[in-house]
Amino acid sequence: MDGLLELAGADMAAVDALIRKHMDSPVPVIPALADHLIAGSAKRLRPLITIASARLCGARDDACLKLAAAVEFIHTATLLHDDVVDSSQLRRGRVAAHLIWGAPSSVLVGDFLFARAFELMVGAGSMPALEILARASRVIAEGEVLQLTRAHDMDLSQDVYLEIIKAKTAELFAAAAEAGAVSAGAPPERCRALRKYGQDLGLAFQLVDDALDYSGESATLGKNPGDDFREGKATLPLLLAMARTGPAEREFWVRTVDRREQTDADFDRARELMRQTGALDATLALAREYAQSAKAALDGFGSNSWRPALQDLADFAVLRRA
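It should be emphasised that the depicted structure is a prediction, and the values quoted were computed from it without experimental measurement. (Residues numbered from 1 in each chain as written. Predicted model: local features only at pLDDT ≥ 70, side-chain atom pairs only at ≥ 80, totals over all residues. Heavy atoms only, no water.)

What's the story with the pattern of salt bridges in this structure? I'm lost.
For side chains of opposite charge, pairing can occur when their charged atoms come near one another. Per the counting criterion, the structure on display carries 22 salt bridges. Linking glutamate 72 and arginine 44 is a salt bridge whose minimum nitrogen-to-oxygen distance equals 3.4 Å. Here glutamate 72, found in helix 5 (residues 63–86), pairs with arginine 44, found in the loop between helix 3 (29–38) and helix 4 (45–56); they are 28 residues apart in sequence, far enough to count as distant. You'll find glutamate 72 and arginine 44 in the same group, each marked buried. (Salt bridge = Lys/Arg side-chain N within 4 Å of Asp/Glu carboxyl O. Helix = DSSP H or I, 4+ residues; strand = E, 2+ residues; numbered from the N terminus. Buried < 20%, exposed > 50% of the residue type's maximum accessible area, 1.4 Å probe, protein only.)

Here it is in structure tokens:
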């Protein structure tokens, strides 16, 4: 990511300043809780995509900065809500906010950040970009509810799983890229191409996240590995492993995933079954396919420093370890 971060350095510094300004509130718990989570984000991938997409399309003004800050607020708000729903213990290497300030405060500060995001969108003065990000907020919520209603579903299909992550994760990547292009006044075909780039990048990113939950370490992940397993989340590695193991393992999956009756040794056994069945390798292979598709979506753009930097970001999404 170094090349992209260097290109966007001045813009991202301005976005960070906007984020800090709009986190402020006379109610002390709001900036304290928001800062606990936002300060832990080193990469700020989604606003970075907004900036890069706008500059790739020739933007010379600062219209994309407020949209980029809005994208980060939307993302942070969803994380606060997700951690309450999932009872997560860690987020970005820190104790989850709801364990410090309580679930009600976390949910309400998430609502505050959503409101700030919409203020920033209005301030950007682009009705099409406002529509894109407003739609994304709705789609993300739908994806989260769909995931909640299909939690612990051992018969979940790969297609439905991909529908869930397309909504809950890839939609904001897609909207971040598309909004950046729209803010630059790009023609419709370029806006569509960047939306495709963002969506496929987001799918690759989530697939790698799901694999890392079974193969990563807490020191690099910033969260506890095995959280998805302990919560009984039907992610692709789990779905593939269950489909590829025989009747002898059926009771293990029913006990640990459906009934969530788990011992300390069960996570290690699940990981071993995933290695034996190739479930992790298959998940990462699909992630690489989406990353390649994201890179191909940029083929129609002219040669400038932003295009290869965005293509490198797709490679980073599948090579990372956190």
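And the narrative resumes.
How do you make sense of the confidence of the model for the protein chain when you look at a structure like this?
A low pLDDT score tells you not to read the predicted coordinates there in detail. Averaged over every residue, the pLDDT of the protein chain is 90; residues scoring 70 or more account for 96%. Per-element mean pLDDT across the protein chain ranges from 54 in helix 11 (residues 218–221) up to 97 in helix 16 (residues 279–296). (pLDDT = per-residue confidence, 0-100.)

Can you help me understand the environment of valine 318 in this one?
Checked against the element boundaries, valine 318 lands in helix 17 (residues 306–319). Residue classification places valine 318 among the buried residues on the basis of a relative accessible area of 15%. A sequence separation of 56 residues divides valine 318 from glutamine 262, and the C-alpha atoms of the two residues are 30 Å apart. Beyond its immediate sequence surroundings of up to four residues, valine 318 is in contact with Ala204, Val208, Ala287, Arg288 and Ala291. (Contact = heavy atoms within 4.5 Å.)

Hey, could you run me through the packing of helix 16 against helix 17 in this one?
Two quantities define a packed helix pair, namely the angle between the axes and the distance from one axis to the other. Relative orientation of the contacting elements helix 16 and helix 17 amounts to 175°, with a least axis distance of 9 Å. As summarised for this structure, helix 16 and helix 17 are arranged roughly antiparallel, according to the angle between their axes. Where helix 16 abuts helix 17, its residues Ala287, Arg288, Ala291, Gln292, Ala294 and Lys295 lie against Gln311, Ala314, Asp315 and Val318. Of the residues that constitute the contact of helix 16 with helix 17, the class distribution is 5 nonpolar, 2 polar and 3 charged. (Axes fitted to C-alpha atoms, helices over the stretch in contact; angles between N-to-C directions. Parallel < 35°, antiparallel > 145°, perpendicular 65-115°, else oblique. Nonpolar A, V, L, I, M, F, W, Y, C, P; charged D, E, K, R; others polar.)

Looking at this structure, how should I read a nonpolar patch on the surface?
Residues Val95, Leu99 and Ile100 make up a contiguous nonpolar surface patch of about 250 Å² in total accessible area. Position of isoleucine 100 relative to the elements: it lies in helix 6 (residues 97–101). (Patch = residues over 30% accessible without salt bridge, like charges linked within 9 Å, V, L, I, M, F, W, Y side chains within 5 Å. Areas by Shrake-Rupley, 256 points an atom, 1.4 Å probe, with all protein chains shown as cover.)

Explain the environment of histidine 22 to me, please; I cannot follow it from the model alone.
Counting through the fold element by element, histidine 22 comes out in helix 2 (residues 9–23). When the C-alpha atoms of histidine 22 and leucine 113 are compared, they prove to be 8.7 Å apart, with 91 residues separating the residues in sequence. Once you skip the residues sitting within four places of it in the chain, histidine 22 turns out to touch Phe73, Phe112, Arg116 and Leu120.

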